[in-house]
Amino acid sequence: MSRIVDVLVVGSGMAGLVSALAAADQGRSVRLLTTGMGSLAISGGSVDFLGYADGRFAADPWQGLAMLPEDHPYSLLGAESVRSAFQFFADVMEGQHWPMRPALSQDGTPRNTQLPTIMGTLKPTYLLPASLHTEALASAKKVLVLSVQGLRDCRPSLVVSQLRRYKSWADKEFTQGLLPSPFGDTHRAISALDLARMADKPHSRRWLLDALAPHAGKYDLILIPPLCGSKANPEVWQAVNAAAGCPVVEMLSIPPGVGGLRLRDALLQALNKHNFELVENTTVLRAETTGRTCTALVAEASGQERHHAARAFVTATGGILGGGMTLEPGQCWDSVFGIDINVPQDVSQWSEPKIFGNHLFSRMGVRVDRTMRPVDDAAVVRWQNVFFAGRSLGGYDYATEKSGHGVAIATGWQAGLMAAAAAAAGENQ
C-alpha cells in the first residue's frame, strides 16, 4: 500500500462508490477502503431523491428543494449541481445496461413513484430500474400478490389488507398466492437473496418462470418479493415478464437488500473499467495531517496497521449505524478525522417522543461547504484536500425525507469531482 494514489475513498455505500466513480471518470487513480459491503447491501435498489419536504409528500421533488433549509446538502449544492449528479449516475447505469429512470407525469415532468413494500405500505421513490413498469402500478385493475413458500418475510394477505387502505389501490381486484419453493422443505426460513441467486443463471431460474407460467394472461400486474436475480442483469427481467404475461413489480423488502446488491454490482463493474482498487475488510483508524493537508489514513486489516497515502481523500463512512460517527453521552464526533460535532449536552434533546418524528440524532453530521470540504464553526475549511459525502454529513434526515440515496449520489458526485481537482493540484505542486 505504499503507492500514493490520487484519491482515497472510505466507504462502499452509494456515496463512496459514486464519489470513486466521479474521481475515476476524471482520469484519477482511486483506491476505496471498506469494512463491509456498505449500505447498498440492505437497500431496495431504487433511489429516493426527496419523498417528503416540510413534512408533506413531494410528488415533484425538484419543487420540494425550495422548501429545504439552507444547511441541507441539496441546498448547499444547488439544484443544477444536483441535476448534474443525477445525470452522471444515470449515464453510468445506462452504460452498465441497468438504466435507472423516474416515472413521468402526464405533462412529462419527472415525479416520485409510490412503490409498494412487502408490508403493504407505499414508499415514495424517484429512480427505478427501467424494467419496472411504473405505469402498471396506477392502471392495473386485476393484481396478483405472490410470495414463496418458506419466505416468511412476505405474506400476501398482509400486503393486500394494507394496500386496500390507500385510495389509489382500494378499487383494485386482488388475488393472493404462494409459489413453490425451489428448495423444498428446509430447516430454516429462506430469504429473498436465496431465491434471487437462483434466478441469476438460466438453468436455475426455470423454477421461477415455470411457477409464474400458470398465471400468465390472467392479471394486469403481479407483485412479487425481490426475486429477479442478485445481479444487474436485464435478461432476468425480460424472462420473468414474458413468463408472467403482464408487468411484474418487485415489492420493496427488508434486508438483505437484493435490489441494492444489483446497484452495487453495476457500480463496481463501472469502476473496474478505470484505474481503481478495492480494499475490503479494512477499518480506518485515524488520519495523518500536516497543517491544512491530509497526507494519509491509517487502517487496520488482518491485525496489521497500514498507511494509505493519497493526494485527496473522500470520507463516506455513513452515520451512527454505519460507524462514521462515534457517540458518547453529550458528545459526537467523526470517527476518521475526529471532528467534533456540536450537539446538546442533554442527551434527552437528541430525540423526540414521536418514534417517526424528526429526531436530532438523525440529522447529526459533519458541517461542510458547497465543495463538501469540512468547515469549523467559523466556516473555515479544516483541510484543503479532504471531502465528505453521504450520511457523514449533517443537516438532513434521510429517514423522514426519504432522501438517502439521492443525497449520497449528489454529494458523492461533488466530493469525487472536488477530490479529483485537489489531487490534480497536488500532483502539480
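Before reading on, note that the structure itself is shown above.
All of the points below concern the structure found in this document.

Each value, and the rule that gives it
Residues numbered from 1 in each chain as written. Predicted model: local features only at pLDDT ≥ 70, side-chain atom pairs only at ≥ 80, totals over all residues. Heavy atoms only, no water. 1 Å grid on protein atoms, 1.4 Å probe; cavity = no way out; pocket = protein on both sides within 12 Å on 5 of 7 lines; lining within 4 Å. Points joined across faces, edges and corners; volume = space filled by probe spheres on them. Helix = DSSP H or I, 4+ residues; strand = E, 2+ residues; numbered from the N terminus. Nonpolar A, V, L, I, M, F, W, Y, C, P; charged D, E, K, R; others polar. Salt bridge = Lys/Arg side-chain N within 4 Å of Asp/Glu carboxyl O. Buried < 20%, exposed > 50% of the residue type's maximum accessible area, 1.4 Å probe, protein only. Pairing = 2+ DSSP bridges. Axes fitted to C-alpha atoms, helices over the stretch in contact; angles between N-to-C directions. Contact = heavy atoms within 4.5 Å. Phe/Tyr/Trp six-rings, centres within 6.5 Å; stacked < 30°, edge-to-face > 60°. Lys NZ or Arg CZ within 6 Å of the ring centre and 35° of its normal. Parallel < 35°, antiparallel > 145°, perpendicular 65-115°, else oblique. Left-handed = near helix turned anticlockwise from the far one by under 90°.

By volume, the second largest pocket amounts to about 740 Å³. Around the second largest pocket, the lining comprises 35 residues; the ones closest to its centre are Asp71, Arg363, Gly394, Gly395 and Tyr396. Listing elements by their share of the lining of the second largest pocket, those giving two or more residues are strand 3 (52-53), helix 3 (73-77), helix 11 (360-363) and helix 12 (398-401). Class assignment of the residues belonging to the lining of the second largest pocket gives a composition of 18 nonpolar, eight polar and nine charged.

This paragraph deals with the pattern of salt bridges. Evaluation of the coordinates by the stated rule reveals 13 salt bridges. Measuring nitrogen to oxygen at the nearest pair gives 3.2 Å for the salt bridge that ties Glu305 to Arg286. Residue Glu305 is found in strand 17 (residues 304-315), and its partner Arg286 is found in strand 15 (residues 283-290); the two are separated by 19 residues along the sequence. A residue is classified by how much of its surface remains accessible, and Arg286, at 37% relative accessible area, is partly exposed. Look at the salt bridges and you will find they share partners, linking Arg3, Arg31 and Glu277 into a network.

Attention now moves to empty space enclosed by the protein. Tallied over the entire structure, the rule returns two cavities of 30 Å³ or more. Its volume calculated, the largest cavity comes out at about 180 Å³. Around the largest cavity sit 20 residues that line it, and Gly44, Gly45, Glu250, Gly259 and Arg262 are the ones nearest its centre. If you tally residues by element for the lining of the largest cavity, the top one is helix 10 (residues 258-271), at four residues. For the lining of the largest cavity, the residue count by class is eleven nonpolar, seven polar and two charged.

The subject of this paragraph is the sheet that holds strand 13 (residues 248-250). Each strand in a sheet pairs with another by means of backbone hydrogen bonds, the pair being arranged parallel or else antiparallel. The strand order across the open sheet built from four strands is 11-10-12-13, with neighbouring strands paired in parallel fashion. In the strand order of this sheet, the two ends are held by strand 11 (173-179) and strand 13, each with one partner. Each strand of the sheet is rotated relative to its neighbour by a mean of 25 degrees, with strand direction disregarded. When strand 10 (residues 142-148) meets strand 12 (residues 221-224), the two strands line up parallel, connected through three bridges. Of the residues in strand 12, the one forming a bridge with Leu144 is Ile222. Sheet strands touched by helix 6 (residues 156-163): strand 10, strand 11 and strand 12. Its angle to strand 11, the strand with the most contacts, is close to 165 degrees.

The omega torsion of the bond from Pro255 to Pro256 falls at 5 degrees, within 30 degrees of zero and hence cis. Checked against the element boundaries, Pro256 lands in the loop between strand 13 and helix 10. Positioned with a positive phi, Asp54 is a non-glycine residue whose angle comes to about 55 degrees. Phi is positive for Ser302, close to 55 degrees, though the residue is something other than glycine. Its location among the elements puts Ser302 in the loop between strand 16 (293-301) and strand 17. Owing to a relative accessible area of 77%, Ser302 belongs among the exposed residues under this scheme.

Further remarks concern the packing of aromatic side chains. Applying the stated criterion across every chain, the model contains eleven aromatic pairs. Where Phe86 meets Tyr126, the ring centres are 5.9 Å apart and the plane angle is 70 degrees; that geometry is what we call edge-to-face. One end of the pair, Phe86, is in helix 4 (residues 79-95); the other, Tyr126, is in the loop between strand 8 (122-125) and strand 9 (127-129), with 40 residues separating them in the sequence. Classification of Tyr126 by relative accessible area gives buried; the value is 4%. Counting every residue linked through ring pairs, the aromatic cluster contains Phe49, Trp62, Tyr74, Phe86 and Tyr126. Here the guanidinium or amino end of Arg165 rests over the ring plane of Tyr166, the centre of that ring lying 5.4 Å away. The ring of Tyr396 is capped by Arg391, whose NZ or CZ atom sits 5.6 Å from the centre of that ring.

At a minimum axis separation of 10 Å, helix 1 (residues 14-25) and helix 10 run at an interaxial angle of 20 degrees. The angle between helix 1 and helix 10 places the two elements in the roughly parallel class. Here helix 1 and helix 10 pass one another in a crossing that is left-handed. For the pair helix 1 and helix 10, the contacting residues are Met14, Leu17, Ala20 and Leu21 in the first and Leu263, Arg264, Leu267, Leu268, Ala270 and Leu271 in the second. When its residues are assigned to classes, the contact of helix 1 with helix 10 shows nine nonpolar, no polar and one charged.

Right, let's get into the environment of Arg165. Take Arg165: it is sitting in the loop between helix 6 and strand 11. Sequence spacing of Arg165 and Gly120 is 45 residues, and the spatial spacing of their C-alpha atoms is 9.2 Å.

Taken together, three strands build an open sheet; the order of strands is 6-5-9 and the sheet is antiparallel. Each end of this open sheet is capped by a strand with a single partner; those strands are strand 6 (110-111) and strand 9. Sheet analysis places strand 5 (residues 100-104) next to strand 9, joined by three bridges and oriented antiparallel. Among the inter-strand pairings, Pro102 is bridged to a residue of strand 9, identified as Leu127.

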